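# Fold and contact review
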Amino acid sequence: MKITVDLDKCQDHGQCAIAAPVAFRMNDEGNLEYETTVEDSYLDEVEEAADVCPVQAILIGQA
Amino acid sequence: MAGHVVVVGASLGGLRAAEQLRAAGHDGPITIVGEEIHLPYNRPPLSKDVLADAGDDDVERLHAGLVFRRRASIDDVEFLLGRRAVASDLVARTVSLDDGTTLAYDGLVVATGLRARRLPLPGPAAGRHVIRTLDDALGLRSAIRTTATAVVIGAGFVGCETAASLHRLGIRVTVVDPFPVAFERALGPLLGGAIQRHLETAGVRFRTGTGVVSYTGSHAISGVTLDDGTTVSAGLVVEAVGSACNTEWLAGNGLDLSDGVLTDNDLRVLGVDRVVAVGDIARFPNALFGGDPRRVEHWSMPTDTAKRAATTLVADLAGAPVAAAPFAPIPSFWSDLLDLRLQAFGSPALGDTAVVESGDLDHLADGVLVTYLREGRLVGNVAVNLPPVRQRALRDAFLLPVS
């Protein structure tokens, strides 16, 4: 699947990195880094990451 | 599986319940009933971004910035918006709406949440605000353009976030609370007092340890009178004094509605069949914090409870057993207060002891970690301005086996 994060919305809360470490991580500067494509088998985790984002900045699409 | 599921409540809990019903295999019709006319939207920005937004007051524009992404799996779900449930018969399996409609259901999700409590104080009606819905926030947005002073009643998260937003907009704002320090109930006096001092240094005024007895003014509010007899001038008042549970429509069914709606650990409403509850209205036992059923008003709860409640309801409709693992969600919440970002896990309010693990309470902006214990056991932690990379460890602290 494809992952898009609206970086204008993202406020680096880091909840996504807890829910789906396969796709999202917070770097040492406290900023989000993420994979734009991950295997569909991780859909549940990535959906959860999108759900728990406080500012709802994560979009999931078909690869 | 067939069967009509009615979800009453069209905010985060109702939306997630519908999505999780589909994820759990329910392929029958779903109807979501919502009192507000808006599709489900995110409420935390109402006290911050929506007030600070410099654009016009177009409700569609503001709603578009808050509306939740909806999974494709619920494209066929029927939303009945602008309609309120007024009664229910949980034996006949019907819900009555305020327009006279009666909905029959096979499964029911209670997701009606809370409404802002209002203060029954004497004084003019104009100038009284609460902040729970988008329409509330719109009303406050337009009012703050024509006022230079405001009083916020209630020094909890909603009150202090709103006060911080008003302060940033150049309004002279005073927060009033009967407790001795801000955030006393949510975070305790140690951290609560430190945050209050931080906000005071920035220019937000506090009158704590005092209540409000009346509002002054003839046609509109011009100030508030405190219980020590002093008056604080205010062009408007924001009442941020907690909330009331929207359970009236469930009355007469023999349920325990003394505080929200009582459920078991699987979110099944006790006393009836095929009814589950989600979000901040659900009072359920969580083994992480002892066995006492509690409501949790944090933002993470609708999503967590919807997942479990949907699994329960789908299993009950099929007459199948539910998962054996206990439901023990770790609450999580955050708050933005001027230059402070709080991130909390667990339920700090349940703590009897607060411990500063790192940092200096007089320099919150540089980073502070406070943990909360109840009878020696971890029940919460709050990170102030700590790097998000540390959050996993703070959350995982709740997963350690109890010794």
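Notes on the structure in this doc start here. (Residues numbered from 1 in each chain as written. Chains lettered and ligands numbered in written order. Predicted model: local features only at pLDDT ≥ 70, side-chain atom pairs only at ≥ 80, totals over all residues. Heavy atoms only, no water.)

### Description of the nonpolar core
Residue and element names in this part refer to chain B. By size, the foremost hydrophobic cluster in this structure holds 61 residues, and its most contacted members are Leu187, Leu191, Ile195, Leu342 and Leu364. Sequence-distant contacts of Leu191, defined by excluding residues within four places in its chain, comprise Leu361, Leu364, Val370, Tyr372, Val382 and Val384. Among the nonpolar cores identified, the runner-up in size contains 54 residues, and Val6, Val77, Ile281 and Trp334 belong to it. (Core = buried A, V, L, I, M, F, W, Y, C linked by side-chain atoms within 4.5 Å. Buried < 20%, exposed > 50% of the residue type's maximum accessible area, 1.4 Å probe, protein only. Contact = heavy atoms within 4.5 Å.)

### A word on the interface of chain A and chain B
Contacts between the two partners involve 24 residues from chain A, matched on the other side by 23 residues from chain B. The junction of chain A with chain B conceals about 1800 Å² of combined surface from both sides, 45% of it contributed by carbon and sulfur atoms. It is His13(A), Ile18(A) and Asp51(A) that lose the most area in chain A upon contact with chain B, and together they represent 34% of the buried surface on that side. On the surface where chain A and chain B come into contact, there are six salt bridges. Taking the shortest distance from any N to any O, the salt bridge between Arg16(B) and Asp51(A) comes out at 3.6 Å. The interface formed by chain A and chain B holds 14 residue pairs in polar contact (both at pLDDT 80 or more) in total. Here the side of chain A that touches chain B gets five residues from one element, more than from any other, and that element is helix α2 (residues 43–52) of chain A. Of the residues belonging to the side of chain A that touches chain B, the class tally is 12 nonpolar, seven polar and five charged. (Buried area = accessible area lost by both parts, 1.4 Å probe. Salt bridge = Lys/Arg side-chain N within 4 Å of Asp/Glu carboxyl O. Polar contact = N/O pair within 3.5 Å; in protein donor to acceptor, adjacent residues only side chain to side chain. Helix = DSSP H or I, 4+ residues; strand = E, 2+ residues; numbered from the N terminus. Nonpolar A, V, L, I, M, F, W, Y, C, P; charged D, E, K, R; others polar.)

### Re the sheet that holds strand β22 (residues 332–337) of chain B
All names here are of chain B. With antiparallel pairing, the five strands of this open sheet are ordered in space as β22-β23-β26-β25-β24. In this open sheet, the two edge strands, each paired with only one partner strand, are β22 and β24 (353–358). With strand direction ignored, the average angle separating the axes of adjacent strands in the sheet is 20 degrees. Relative to strand β26 (residues 377–384), strand β23 (residues 340–346) runs antiparallel, the two being bridged by five bridges. (Pairing = 2+ DSSP bridges. Axes fitted to C-alpha atoms, helices over the stretch in contact; angles between N-to-C directions.)

### Quick look at the packing of aromatic side chains
Tallied over the entire structure, the rule returns five aromatic pairs over all chains. Centroid distance Phe24(A) to Tyr34(A): 6.3 Å. Interplanar angle 25 degrees. Geometry classified as stacked. With Phe24(A) in strand β2 (residues 24–26) and Tyr34(A) in strand β3 (residues 32–34), the pair connects residues that are 10 residues apart, well separated along the chain. The exposure class of Phe24(A) is buried, given its relative accessible area of 1%. Aromatic side chains Phe284(B) and Phe327(B) sit 5.4 Å apart centroid to centroid with 40 degrees between the ring planes, which places their arrangement in the tilted category. With Phe284(B) in strand β20 (residues 282–285) and Phe327(B) in the loop between α7 (300–318) and β22, the pair connects residues that are 43 residues apart, well separated along the chain. Residues Phe284(B) and Phe327(B) agree in their burial class; the two are buried. Pairwise contacts between aromatic rings join Phe157(B), Phe183(B) and Phe333(B) into one cluster. Here Arg16(B) stacks its cationic end above the ring of Phe68(B), 5.5 Å away from the centre of that ring. (Phe/Tyr/Trp six-rings, centres within 6.5 Å; stacked < 30°, edge-to-face > 60°. Lys NZ or Arg CZ within 6 Å of the ring centre and 35° of its normal.)

### Details of unusual backbone geometry
Even without a glycine there, the phi angle at Gln56(A) is positive, about 55 degrees. Positionally, Gln56(A) belongs in the loop between α2 and β4 (58–61). Judged by relative accessible area, Gln56(A) falls into the buried class, the value being 12%. Look at Arg93(B): it is not a glycine, yet its phi comes out positive at around 65 degrees. Topologically, Arg93(B) is positioned in the loop between β4 (85–89) and β5 (94–97). We classify Arg93(B) as partly exposed; its relative accessible area is 24%.

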